[in-house]
Amino acid sequence: MKNILWLFLIFPSIAFSQIKPREKEDAVKITQLIQHYAQARETQDTVLLKRILTEDIDQLVSSGEWRIGIAESLKGMQSSTQSNPGSRRLKVEKIKFLSEEIALVDCRYTIESPNGTERNMWSSFTVLFQKNQWKITAIRNMNPTGGN
């Protein structure tokens, strides 16, 4: 009986701890996608943003503003970059695959202002594998009130 119980306890951890080869490749592509997003935000490259965002993207920013659709999101991103100048860094902390075509990406989001002060937040991205590439379909920015 103990041997059977042991199998039930150990098997799930073995089965679910394995990363599929495709997930490794996709994790690299998703990390690159997030870096392209950060670069596009930094340089206000709307052409790149249109390539990496879905048409129906929605974004909830730390101020509580919802941006629905690509036009509203692009307009808000440009406005935010201009009103909050500085260097933006996104560091991927975790990627959780919900399926072969959907993943959640948690990132540390830091904005360093021209005077050197830093704003430390979190960003979560929902990404979709669409038309043979990963694209961002939702962004959630959070400004932690407790410890980072």
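Residues numbered from 1 in each chain as written. Predicted model: local features only at pLDDT ≥ 70, side-chain atom pairs only at ≥ 80, totals over all residues. Heavy atoms only, no water.

> Can you help me understand the nonpolar core in this one?
Counting 27 residues, the largest nonpolar core has Tyr-37, Leu-53, Phe-125, Val-127 and Ile-136 as its most contacted members. When residues in this core are grouped by element, the largest group, six residues, is from helix 2 (residues 21-43). Excluding residues that lie within four positions of it along the chain, Val-127 makes contacts with Ile-30, Leu-33, Glu-101, Ile-102, Ala-103, Val-105, Trp-134, Lys-135 and Ile-136. (Core = buried A, V, L, I, M, F, W, Y, C linked by side-chain atoms within 4.5 Å. Buried < 20%, exposed > 50% of the residue type's maximum accessible area, 1.4 Å probe, protein only. Helix = DSSP H or I, 4+ residues; strand = E, 2+ residues; numbered from the N terminus. Contact = heavy atoms within 4.5 Å.)

> How should I be thinking about the pairing of strand 3 (residues 87-97) in this particular structure?
Sheet faces and side chains relate simply in a regular strand, where the side chains alternate between the two faces. The pairing of strand 3 with strand 4 (residues 102-112) spans ten bridges and is antiparallel. Among the inter-strand pairings, Lys-96 is bridged to a residue of strand 4, identified as Leu-104. From the end of strand 3 to the start of strand 4, which pair antiparallel, there are four residues. (Pairing = 2+ DSSP bridges.)

> Looking at this structure, how should I read the environment of Arg-140?
Note that Arg-140 resides in strand 6 (residues 133-142). A relative accessible area of 26% means that Arg-140 is categorised as partly exposed. Between the C-alpha atoms of Arg-140 and Gly-64, which are 76 residues apart in sequence, the distance is 9.8 Å. Here Arg-140 is in contact with Asp-58, Gln-59, Leu-60, Trp-66, Trp-122, Ser-123 and Ser-124, once residues within four sequence places are set aside. At 2.7 Å, the side chain of Arg-140 and the side chain of Asp-58 are in polar contact. (Polar contact = N/O pair within 3.5 Å; in protein donor to acceptor, adjacent residues only side chain to side chain.)

> I'm lost on the sheet that holds strand 3 in this one. Help?
Strand-to-strand pairing in sheets goes through backbone hydrogen bonds, with the strands running parallel or antiparallel. Taken together, six strands build an open sheet; the order of strands is 2-1-6-5-4-3 and the sheet is mixed. Each of the sheet's edge strands pairs with one partner strand only, and the pair in question is strand 2 (66-68) and strand 3. Taken pair by pair, the neighbouring strands of this sheet meet at an average axis angle of 20 degrees, ignoring direction. Here helix 2 sits on the sheet in contact with strand 1 (53-60), strand 3, strand 4, strand 5 (118-130) and strand 6, set at roughly 155 degrees to strand 3. Against the sheet, helix 4 (residues 70-83) makes contact with strand 1, strand 2, strand 3 and strand 6, and its axis sits at roughly 55 degrees relative to strand 1, the strand it touches most. (Axes fitted to C-alpha atoms, helices over the stretch in contact; angles between N-to-C directions.)

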